[in-house]
Amino acid sequence: MTKLEQMLEGAASIVILGHVNPDGDCMGSCLAMYQYARKRRPDSVIRVCLKNFPGKFSYLKGYEDIQEEAGGESFDLCICLDCSDKERLGDFGVYLDGAANSICVDHHVTNTGYAGENIVEPKASSTAEVLYGQFCEALIDRDIAECLYTGIIHDTGVFRYSSTSAKTMEIAGKLMGTGIDFTRIIDDSFFKKTYLQSQILGRALMECIRFSEGKCIFTVVKSQDMEFYGVGPKDLDGIVDQLRTIDGVECAIFMYEIDTHMYKVSMRSNYVVDVSRIASFFGGGGHVRAAGCTMSGSIHDVVNNLSGHIEKQLLAVSADD
Ligand code: AMP
Ligand code: MN
Ligand code: MN
């Protein structure tokens, strides 16, 4: 019996949490956990709480049951998924404080070990992959498989990122074996973009700027641009990945304005730069090749601060050569 299964055993009430601004891995993992817990503990009270989640994941079973507001109740067990630190639980952090027991299942190298039990596998492609290892295989039905598969494809960019391993593919194969409509999941939740999302992507790419001899690149979406195109933060997915795949680029930076002189920063690297170290330095976190943080100052300040760290890492690598 896995640690997660042991903790489910005695829990008459369970709450499942993810991180703020949930992505595909967070959504898929939370809803897979929700269904699995309902199967294992049919008589328990089970809640799944997330805020500001994208509508494109509405095909996942349990989506309609997601609660968006934190209440005053407390639970026997709090399960935190895909969330590296307590602050990233947002308003739902109160449930972690109030729970008798807690467990975190995650894959962030920057995970702080904030829960009672922490199952963190930084080499895993996704939390969905770690969660698969915690579930009893015989209980993974088609609905749970849809959720886990969604989590895996979103955090691997459909099996492209370096975090994809042979194990990831084996798990994906087993999930496919349950009969999921994987082409529809990939196209509808990962590749499909609305007209406005495509327009803002085009605008962001048109305005990108290279530096450090083309090894680094950045682009920014300002609040006024979002207003002009009628889009929000959830519509900006994938922009940073388009920057990363530009020929010659080692490190890509995408930022969007969240307040005056305040930016949400996403970083991606290809081979050498450890962006999780840079994001952690500025109070964020993530993975070696994909990380994020929130930074204040002018666009110039933010890019200058980041480029100092990136260039230091690039110089250290070229000195080793
Ligand atoms: P993003 O650039 O927002 O797509 O995030 C890339 C990775 O870094 C994801 O695994 C996020 O969970 C993580 N991440 C992004 N922003 C933060 C933050 N402020 N603190 C900790 N981790 C973050
Ligand atoms: Mn995530
Ligand atoms: Mn993840």
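Preceding this paragraph is the structure being described.
Residues numbered from 1 in each chain as written. Chains lettered and ligands numbered in written order. Predicted model: local features only at pLDDT ≥ 70, side-chain atom pairs only at ≥ 80, totals over all residues. Heavy atoms only, no water.

Observations concerning unusual backbone geometry
Logical step 1: A positive phi is found at N21, a non-glycine position, where the angle reads about 45°.
Logical step 2: The class for N21 is partly exposed, based on a relative accessible area of 45%.
Logical step 3: Although it is not a glycine, E213 adopts a positive phi angle of roughly 55°.
Logical step 4: Here E213 lies in the loop between strand 6 (209-211) and strand 7 (216-221). (Buried < 20%, exposed > 50% of the residue type's maximum accessible area, 1.4 Å probe, protein only. Helix = DSSP H or I, 4+ residues; strand = E, 2+ residues; numbered from the N terminus.)

Some words on the coordination of the manganese ion (ligand 3)
Logical step 1: Ligation of the manganese ion (ligand 3) by protein atoms is provided by D25 (OD), D82 (OD), H107 (NE2) and D155 (OD), these donors lying 2.1 to 2.2 Å from the ion.
Logical step 2: The sequence motif formed by the donor residues of the manganese ion (ligand 3) is D-x56-D-x24-H-x47-D.
Logical step 3: Between the two metals, the manganese ion (ligand 3) and the manganese ion (ligand 2), the spacing is 3.6 Å, and D82 donates to both. Of the two residues, H107 sits in the loop between strand 4 (101-106) and strand 5 (117-120) while D155 sits in helix 5 (residues 142-156), which places them 48 residues apart along the sequence.
Logical step 4: For H107, a relative accessible area of 2% puts it in the buried group. (Donors = N, O, S within 2.8 Å, 3.2 Å for Na, K, Ca; no water.)

What to know about the pattern of salt bridges
Logical step 1: Under the criterion given, the structure shown has 18 salt bridges.
Logical step 2: Close ionic contact of E5 with R40 constitutes a salt bridge, the shortest N to O distance being 3.0 Å. Of this pair, E5 sits in helix 1 (residues 3-9) while R40 sits in helix 2 (residues 24-40), and the two are 35 residues apart along the sequence.
Logical step 3: With a relative accessible area of 7%, E5 lands in the buried category.
Logical step 4: Shared partners join several salt bridges into a network, and the residues in it are E5, E9 and R40. (Salt bridge = Lys/Arg side-chain N within 4 Å of Asp/Glu carboxyl O.)

Here's the deal with helix 7 (residues 182-191)
Logical step 1: Of the positions making up helix 7, those classed as buried are I185, I186 and S189. Viewed end-on, helix 7 has its buried residues packed into an arc of 105°, placing them on one side of the element.
Logical step 2: Structurally, helix 7 contributes buried residues whose contacts are with helix 5. (Arc of directions from axis to C-beta. Contact = heavy atoms within 4.5 Å.)

Focus: the side chain of Q197
Logical step 1: Within the secondary structure, Q197 is located in helix 8 (residues 195-206).
Logical step 2: For Q197, the side chain forms a polar contact with the main-chain nitrogen of T194, separated by 2.8 Å.
Logical step 3: If we ignore the near neighbours within four places in the chain, the residues touching Q197 are K192, K234 and D235. (Polar contact = N/O pair within 3.5 Å; in protein donor to acceptor, adjacent residues only side chain to side chain.)

Some details on the packing of aromatic side chains
Logical step 1: Counted according to the given criterion, the structure contains ten aromatic pairs.
Logical step 2: With centroids separated by 4.9 Å and ring planes inclined at 80°, the aromatic side chains of F190 and F191 adopt a geometry described as edge-to-face.
Logical step 3: In this structure an aromatic cluster arises from ring pairing among F75, F92 and Y95. (Phe/Tyr/Trp six-rings, centres within 6.5 Å; stacked < 30°, edge-to-face > 60°.)

Some words on the pairing of strand 1 (residues 13-17)
Logical step 1: Within strand 1, five of the five residues are buried, leaving the element largely enclosed by the surrounding structure.
Logical step 2: Direction of pairing for strand 1 relative to strand 2 (residues 45-49): parallel, over a ladder of five bridges. Across the sheet, L17 pairs through a bridge with C49, a residue of strand 2.
Logical step 3: Taken together, strand 1, helix 2 and strand 2 constitute a β-α-β crossover, and its handedness is right-handed.
Logical step 4: As defined by bridge partners, strand 1 adjoins strand 3 (residues 77-81) across four bridges and the pair is classed as parallel. Within the sheet, the bridge partner assigned to L17 lies in strand 3 and is C80. (Pairing = 2+ DSSP bridges. Right-handed = clockwise from strand over helix to strand, strands pointing away.)

Here we look at the sheet that holds strand 11 (residues 290-296)
Logical step 1: Read across the open sheet, the six strands follow the order 6-7-8-9-11-10; overall the sheet is mixed. Across the chains shown, the open sheet's two edge strands, defined by having one partner strand only, are strand 6 and strand 10 (285-286).
Logical step 2: In the sheet, strand 6 pairs with strand 7 via three bridges, with the strands oriented antiparallel. Bridging from a neighbouring strand, F211 pairs with C216 of strand 7.
Logical step 3: Across the face of the sheet, helix 12 (residues 299-320) comes into contact with strand 6, strand 7, strand 8 (251-259), strand 9 (262-269) and strand 11 while running at roughly 155° to strand 8. (Axes fitted to C-alpha atoms, helices over the stretch in contact; angles between N-to-C directions.)

Points about the state of the cysteines
Logical step 1: Going through the model one piece at a time under the given rule, you end up with zero disulfides.
Logical step 2: A disulfide-free cysteine, C147 has its sulfur positioned 9.9 Å from the sulfur of C30, the nearest such atom.
Logical step 3: Of the cysteine sulfurs around C208, a residue in no disulfide, the closest is that of C216, at 13 Å. (Disulfide = S-S within 2.5 Å.)

Thoughts on the nonpolar core
Logical step 1: Of all hydrophobic cores here, the largest spans 51 residues; its most connected members are I16, M33, I79, F135, L148 and L175.
Logical step 2: Excluding residues that lie within four positions of it along the chain, L175 makes contacts with Y132, I140, A145, L148, Y149, I152 and I180.
Logical step 3: Among the nonpolar cores identified, the runner-up in size contains 23 residues, and Y263, I278, A291 and L306 belong to it. (Core = buried A, V, L, I, M, F, W, Y, C linked by side-chain atoms within 4.5 Å.)

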